[in-house]
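Residues per chain, in single letters:
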Amino acid sequence: METIKVRDKEFEVYLEETKIQQRIAEIAQDINEEYASKNPLFIGILNGSFMFASDLMKAVNVPSEIAFIRMASYKGMESTGNVKQVLGLQENVFGRHLILLEDIVDSGLTMEEVIKFFQERGPKSIRIATLLLKPEKLEKDLKLDYVGFEIPEKFVVGYGLDYNGHGRNLKDIYQLKEA
Ligand code: 5GP
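Reading the values: rules and limits
- Residues numbered from 1 in each chain as written.
- Predicted model: local features only at pLDDT ≥ 70, side-chain atom pairs only at ≥ 80, totals over all residues.
- Heavy atoms only, no water.
- Pairing = 2+ DSSP bridges.
- Helix = DSSP H or I, 4+ residues; strand = E, 2+ residues; numbered from the N terminus.
- Near = heavy atom within 4 Å.
- Polar contact = N/O pair within 3.5 Å; in protein donor to acceptor, adjacent residues only side chain to side chain.
- Areas by Shrake-Rupley, 256 points an atom, 1.4 Å probe, with all protein chains shown as cover.
- 1 Å grid on protein atoms, 1.4 Å probe; cavity = no way out; pocket = protein on both sides within 12 Å on 5 of 7 lines; lining within 4 Å.
- Sits in = over half its atoms within 2 Å of the grid points.
- Nonpolar A, V, L, I, M, F, W, Y, C, P; charged D, E, K, R; others polar.
- Axes fitted to C-alpha atoms, helices over the stretch in contact; angles between N-to-C directions.

A. Local environment of the pairing of strand 4 (residues 65-73). Pairing geometry for strand 3 (residues 41-46) and strand 4, over six bridges, is parallel. Bridge pairing in strand 4 links Phe42 to Ile66. Looking at chain direction, strand 4 and strand 5 (residues 84-87) are connected through four bridges and run antiparallel. The residue bridging Ser73 from the neighbouring strand is Lys84, located in strand 5.

In structure tokens, the structure reads:
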């Protein structure tokens, strides 16, 4: 088993590049069939989704657009430490078919906030594509339309996902090694 060190922690390979790419091709195929004449607007949620967004878009062959947003914790007096706001949207999403792209859905809190933000802006439809889902941790009632892989509760890095800022560049996805 290939292991690597990211900062102070040991990780072992969990999902290899070829497996990730195969699954992304399947998701893209579904999107190509379902969005043939809808000109979808993909919304990548930074930073974690950049590799997933890039590889998925290369396999999508229907007319489409992409934009990116990022989530930031509220600063100042209203801060609860948990509530986040959406930054960076410049496109008009009114009347558009949106496909939100996320690296991983854990509790679902982040995705719930993002959906709320877009629902208020009058899109024609919203669907969610997440590369990874931790079903055991999911607290929110979310309809996740495209899920790459359901994974156990362990922390993962690579393919866009970081450990304290590192490891995003790895081609495979690695799982934290038990001590
Ligand atoms: P949620 O709001 O669904 O609980 O959390 C989603 C966010 O938590 C993801 O966008 C990601 O930034 C982070 N996250 C959750 N699980 C993991 C994990 O196993 N590895 C990494 N690198 N980030 C994770």
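Let us keep going from here.
B. Region of interest: the site of the ligand. Taken together, 15 residues surround the ligand, and among them Ser107, Thr110, Lys134, Val156 and Asp162 come closest. At 2.7 Å, a backbone N or O of Val156 approaches a nitrogen atom of the ligand. Taken by itself the ligand offers 510 Å² of open surface, and the protein chains cover 79% of this. If you map the ligand onto the pockets, it falls in the largest pocket. Those elements giving two or more residues to the shell around the ligand turn out to be strand 6 (97-105) and helix 3 (109-119). Of all the elements, strand 6 adds the most residues to the shell around the ligand, at four residues. Residues of the shell around the ligand, tallied by class, amount to six nonpolar, three polar and six charged.

C. Main features of the sheet that holds strand 6. Read from one edge to the other, the open sheet built from six strands follows the order 5-4-3-6-7-8, with strand pairing classed as mixed. Since the sheet does not close on itself, it has two edges, and those belong to strand 5 and strand 8 (146-150), each with one partner. Each adjacent strand pair in this sheet contributes to an overall mean axis angle of 25 degrees, direction not counted.

D. Geometry of the sheet that holds strand 9 (residues 156-157). Taken together, the four strands give an open sheet; going across it, the order is 1-2-10-9, and neighbouring strands pair in antiparallel fashion. Lying at the two open borders of the sheet, with one neighbouring strand each, are strand 1 (3-6) and strand 9. By the bridge criterion, four bridges tie strand 2 (residues 9-15) to strand 10 (residues 173-176) in an arrangement that is antiparallel. Bridge assignment links Glu12 to a residue of strand 10, and that residue is Gln175.

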